[in-house]
Amino acid sequence: MLTFVISRLLRAGLTILFVMTFAFIVLRLSGDPALLIMSVDAPPEAVAAFREAWGLNRPIWEQYFSYIGHAFTGDFGKSMRDGRPAIDLVMERVPATLAITMPALALKIGLGIPAGIYAALHRNSMADRLTMAASVAGFTMPSFVLALLLVLVFAVQLGWLPASGSGSLDHAILPIITLGTGGAAIMARFTRSAMLEVLGQPYIRAASAKGVNWHRVVSRHALPNAAIPTVTIVGFMVGSLVAGAVVVESVFAWPGIGRLLVSAVANRDLAVVQAILMVIATWMVAANFTVDLAYGWLDPRVRNATAH
Amino acid sequence: MSAPLVALRGLTVDFENGGRMSRAVDGVDLEIAPGEALGIVGESGSGKSVTWLAALGLLPAKARVAGSVRLEKQELIGVPARVLEDVRGKRIAMIFQDPSSCLNPVHRIGWQLVEALRLHRGLHGKAAEAEALRLLDQVGIADARRRLQDYPHLLSGGLNQRVMIAMALAGQPDLLVADEPTTALDATIQAQILALLGSTRRDTGMALILISHDLGVVAENVDRVAVMYAGRLVEEAPGTDLFGAARHPYTQGLLAALPSLIGPRRRLAAIPGTVPDPWNVPAGCRFAPRCPVAEMRCTNVPPPARSVGFRHVATCHRQVEAGYSVWSLPQALPQAAE
Ligand SMILES: Nc1ncnc2c1ncn2[C@@H]1O[C@H](COP(=O)(O)OP(=O)(O)OP(=O)(O)O)[C@@H](O)[C@H]1O
Ligand SMILES: [Mg+2]
């Protein structure tokens with residue numbers, strides 16, 4: 001078990017390093033930050049001074065190693081816009097992002113999983129067909145379309161909720177619904193098929209043949225097995241929480257990491273972009289790591305395979 | 001003769017597949033006495049499993065079950081789920097073909113055994129564990145205490161089938177239906193499991209239904225054999241009679257296909273042709289298209305079940321004489337070769 005954890009941690013570290021390297025290369029290849037951040041007609045001395053100040057005149061590999069080296073100590077450089085540490089800028093946005101993504105996650109799980117289980121248990125019923133139709137609609141609709149629809153109905157037409165901004169609980173409602181709907185739809189479909197797969201297994205019929213009542217067959221024999229594949233998709237959702245908020249935060253002008261990323265990219269604020277990508281990557285890697293542990297916990301077959 | 005333990009009367013099962021109804025079991029009448037061992041044989045798809053799954057209400061909702069199944073005085077068809085739950089495992093237990101996939105992969109063997117003990121015998125805690133150990137011991141599992149902690153995937157198929165048998169015995173049932181309990185196991189393990197079923201039956205006095213597509217497996221382990229073909233019962237007889245004096249051409253064909261241990265080696269003659277699809281069965285005798293002695297009426301008129309000896313029933317128009325196999329007729333073999 002320990003070697004398993006260590007190997008997964010090593011792999012997680014490598015993944016993060018890879019993301020940082022990739023971000024560094026792409027951002028440097030896409031243009032000279034000094035020219036992009038200063039106006040086009042800035043005097044050459046000013047551009048040179050800017051380069052000097054941010055270390056952009058050093059050889060590229062030197063910049064790379066100094067970046068990685070500092071990153072290890074938690075230093076992601078300073079924002080080229082306002083001079084504050086990039087990681088501070090990012091971290092102060094985290095609560096706002098979590099404030100809409102966490103309730104959205106709860107919505108995905110709390111709505112999607114029960115709906116999927118119900119649909120599987122009442123396969124081909126009206127409720128099953130309705131759930132599945134709703135879930136097709138839910139995940140084929142791009143989130144910005146859904147966001148605009150919700151704004152049209154609840155902000156413009158009915159005037160119940162604010163169309164954008166932050167500051168009150170009301171402001172969070174539409175972003176949460178937008179974020180949660182698609183995920184709940186995916187969750188429902190996935191849970192349904194996982195559950196149907198399990199209900200068709202011989203051990204379910206054998207449990208009934210043993211005299212176990214249907215309620216217990218579902219709760220104690222089917223659900224623990226269906227949980228195994230479902231955990232993968234939950235992990236995937238947790239992992240993509242922050243990244244998934246980019247579009248929605250922009251549409252609703254919600255002051256989270258996603259919106260910061262959009263403005264940092266537009267401003268060519270390299271240090272901030274890199275810090276955000278690092279945070280997103282770390283979050284995803286941590287989610288995957290948790291899924292792997294959960295797998296071992298839920299599935300004795302995996303537990304034994306990794307123990308040897 | 002004692003009153004039957006279980007009696008099937010006109011048991012019929014239809015499956016609805018995309019609007020098309022197909023009849024998997026067609027009017028089966030069968031009885032089993034307390035403590036009796038009954039074998040059910042027939043090729044794949046003849047309805048052996050569906051018959052007993054229907055009797056216990058274990059078929060999916062799309063199956064339409066008609067007729068009657070009585071356990072002593074209790075009717076089992078069309079009764080509420082609650083009634084069936086009290087019968088399953090406690091009065092009639094069932095074990096299946098692939099033991100390793102019939103045990104729940106996420107629960108320990110002990111958990112699964114204790115669940116049955118709690119359900120049927122109201123045992124909890126230490127008492128349940130002690131009884132679980134005793135059951136594993138009874139079915140010949142060494143190192144039972146450690147096995148209780150194991151998950152099914154750590155055990156071989158043979159061991160898992162022993163666990164399934166132990167679990168079936170947990171409810172002290174009056175009847176154990178063993179649906180091809182050894183098909184997924186290799187030959188030596190197969191013999192051990194069959195011996196275990198036989199000895200358990202003798203020790204507990206329960207009745208046993210042994211389902212198999214292999215007459216050889218059934219031969220040594222039961223008192224009486226019922227042969228099914230395409231959803232119908234075609235012959236029913238005490239084991240010795242069936243092997244010595246089968247009357248139905250289908251049964252005779254199955255016997256001819258058995259390797260014989262005594263006498264000269266013969267060519268194994270599998271019955272030519274295939275079982276008809278359930279949605280496309282002949283109007284008369286279902287075996288007529290493959291039968292070497294079929295006549296006009298066989299194709300058109302369903303044959304009646306006829307008593308041909310003591311507790312020996314054959315459902316055939318042609319009253320084939322005992323001890324005379326239609327498959328040894330000169331015209332039967334060239335057909336077999338085509
Ligand atoms: N769930 C189902 N849905 C539709 N048809 C089914 C279902 N289960 C069984 N059948 C059909 O019922 C018929 C009888 O099947 P059954 O499983 O009883 O055969 P069997 O005699 O047990 O054969 P085997 O030796 O292969 O186990 C087959 O034609 C099969 O296709
Ligand atoms: Mg079968």
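Residues numbered from 1 in each chain as written. Chains lettered and ligands numbered in written order. Predicted model: local features only at pLDDT ≥ 70, side-chain atom pairs only at ≥ 80, totals over all residues. Heavy atoms only, no water.

Let's talk about the domain arrangement of chain A
All names here are of chain A. For clarity, the cut-off: Domain start and stop points were drawn from an automatic or database domain assignment. By buried area we mean the combined loss of accessible area, with a 1.4 Å probe, across both parts when two parts are placed together. Any Lys or Arg side-chain nitrogen found within 4 Å of a carboxyl oxygen on Asp or Glu counts as a salt bridge. Pairing of N or O atoms within 3.5 Å defines a polar contact, subject to two protein rules: one partner must be a possible hydrogen donor and the other a possible acceptor, and residues neighboring in sequence count only if both atoms are side-chain atoms. Each helix is a run of H or I in the DSSP string that is no shorter than four residues. Each strand is a run of E no shorter than two, and both are numbered from the N terminus. Residue polarity is assigned by list, with Asp, Glu, Lys and Arg as charged and Ala, Val, Leu, Ile, Met, Phe, Trp, Tyr, Cys and Pro as nonpolar; anything else, Gly included, falls into the polar class.
When its domains are assigned, chain A resolves into domain 1 (2-71) and domain 2 (86-302). Relative placement of domain 1 and domain 2: their C-alpha centres are 32 Å apart. For the pair domain 1 and domain 2, the two sides together bury roughly 1500 Å², of which 76% comes from carbon and sulfur. On the domain 1 side of the interface with domain 2, the three residues burying the most area are R8, I16 and L27, jointly 32% of the side's total. Applying the counting rule to domain 1 against domain 2 returns 1 salt bridge. The tally of links from domain 1 across to domain 2 stands at 1 residue pair in polar contact (both at pLDDT 80 or more). Looking at the side of domain 1 that touches domain 2, the elements with two or more residues in it are α1 (2-29) and α2 (33-37). Grouping the constituent residues of the side of domain 1 that touches domain 2 by class yields 14 nonpolar, 2 polar and 2 charged.

What to know about the sheet that holds strand β3 (residues 37-41) of chain B
Strand pairs in the sheet, formed through backbone hydrogen bonds, run parallel or antiparallel to each other. Residue and element names in this part refer to chain B. As a reminder of what qualifies: Pairing between strands requires that DSSP locate at least two bridges from one strand to the other. As a rule, the C-alpha atoms of each element are fitted with a line to give its axis, helices using only the stretch in contact, and angles between N-to-C directions run from 0 to 180 degrees.
What the 8 strands build is an open sheet, ordered β6-β7-β8-β3-β9-β10-β12-β11; its pairing is mixed. Either end of the sheet is taken by a strand with one partner, and the two such strands are β6 (92-95) and β11 (305-309). Each strand axis lies, on average, 20 degrees off the axis of its neighbour in the sheet, ignoring direction. Judged from the 5 bridges that link them, β3 and strand β8 (residues 207-212) form a sheet pairing that is parallel. Among the inter-strand pairings, V41 is bridged to a residue of β8, identified as S212.

Brief notes about the environment of A127(A)
Looking at where A127(A) falls in the secondary structure, it is placed in helix α7 (residues 126-140). Along the sequence, A127(A) and I109(A) sit 18 residues apart, while their C-alpha atoms lie 19 Å from each other.

Focus on helix α8 (residues 187-204) of chain B
Residues and elements named next belong to chain B. Where we set the bar: Between the first and last residue of a helix there are one fewer steps than residues, each counted as 1.5 Å, and that sum is the expected span. Three labels apply to residues, based on accessible area from a 1.4 Å probe with only protein chains included: buried if under 20% of the type maximum, exposed if over 50%, partly exposed otherwise in between.
Here α8 contains 18 residues, and its C-alpha end-to-end distance of 26 Å stays within 8% of the 26 Å for a straight helix at 1.5 Å per residue. Residues I193, L194, L196, L197, G198, T200 and R201 constitute the buried set of α8. G205 sits one or two positions beyond α8 and adopts a positive phi of about 75 degrees.

Things to note about the confidence of the model for chain A
Where we set the bar: A residue's pLDDT is simply how confident the predictor is in it, with values from 0 to 100.
With 95% of its residues at a pLDDT of 70 or more, chain A has an overall mean of 85. Per-element confidence in chain A is highest for helix α10 (residues 202-209) of chain A, whose mean pLDDT is 95, and lowest for α2(A), whose mean pLDDT is 68.

Quick notes on the site of ligand 1
Residues and elements named next belong to chain B. Using the following cut-off: For each residue, the test is whether any non-hydrogen atom lies within 4 Å of the molecule or strand; if one does, the residue is near.
Around ligand 1, the structure places 15 residues, and the nearest of them are S44, G45, K48, S49 and E180. A distance of 3.0 Å separates an oxygen atom of ligand 1 from a polar atom in the backbone of G47. Between ligand 1 and E180 there is a distance of 2.8 Å, counted from an oxygen atom to a side-chain nitrogen or oxygen. Per element, the largest residue contribution to the shell around ligand 1 is 3 residues, and it comes from helix α1 (residues 48-55). Grouping the constituent residues of the shell around ligand 1 by class yields 5 nonpolar, 6 polar and 4 charged.

Some points on the interface of chain B and chain A
It is common to report an interface's size as the accessible area lost on association of the parts. Selection rule: Contact between two residues is taken to exist if any of their heavy atoms lie within 4.5 Å; hydrogens are not considered.
At the interface, 28 residues of chain B touch 22 residues of chain A. Carbon and sulfur atoms make up 58% of the surface buried where chain B meets chain A, a total of about 2100 Å² over both sides. If you sort the residues of chain B by the area they bury against chain A, P105(B), V106(B) and E115(B) come out on top, with a joint share of 22%. The residue K210(A) makes a salt bridge to E115(B) at a minimum N-O spacing of 2.8 Å. Run the count over chain B and chain A and you get 10 residue pairs in polar contact (both at pLDDT 80 or more). Elements that contribute at least two residues to the side of chain B that touches chain A include exactly β6, α3 (99-102), α4 (109-121) and α7 (157-170) of chain B. Per-class residue counts for the side of chain B that touches chain A are 17 nonpolar, 7 polar and 4 charged.

Details of the packing of helix α8 (residues 143-157) of chain A against helix α12 (residues 241-251) of chain A
All names here are of chain A. Stated precisely, the cut-off is as follows: In this scheme, roughly parallel covers angles under 35 degrees and roughly antiparallel covers those over 145, while 65 to 115 is roughly perpendicular and the rest are oblique. Whether a crossing is left-handed or right-handed is set by the direction in which the near helix is turned from the far one by less than a right angle, anticlockwise for left-handed and clockwise for right-handed.
Where α8 meets α12, the axes come as close as 10 Å, and the angle between the chain directions of the two elements is 30 degrees. In terms of orientation, α8 and α12 fall into the roughly parallel class. The two elements α8 and α12 meet at a crossing, and its hand is right-handed. When α8 is examined against α12, the residues S143, F144, A147 and L148 are found in contact with a partner set consisting of V247, V248 and V251. In terms of residue class, the contact of α8 with α12 is made up of 6 nonpolar, 1 polar and no charged.

Section: the sheet that holds strand β4 (residues 63-71) of chain B
Residue and element names in this part refer to chain B. Strands sit in the order β2-β1-β4-β5 across an open sheet of 4 strands; the sheet is antiparallel. Two strands lie at the open edges of the sheet, namely β2 (20-32) and β5 (74-75), each paired on one side alone. Strand direction decides the pairing type here: strand β1 (residues 6-17) and β2, joined by 9 bridges, are antiparallel. Directly across from E16, in β2, lies its bridge partner M21. Across the sheet, α1 is in contact with β1, β2 and β4; its angle to β1 comes to roughly 105 degrees.

Comments concerning the environment of V177(B)
Residue and element names in this part refer to chain B. As for its placement among the helices and strands, V177 is situated in strand β7 (residues 175-179). On the basis of relative accessibility, which here comes to 1%, the residue V177 falls in the buried class. Distance from V177 to D203, taken between C-alpha atoms, is 17 Å for residues 26 residues apart in sequence. Not counting residues within four places of it along the chain, the set of residues in contact with V177 comprises W52, I92, A93, M94, I95, I209 and I211.

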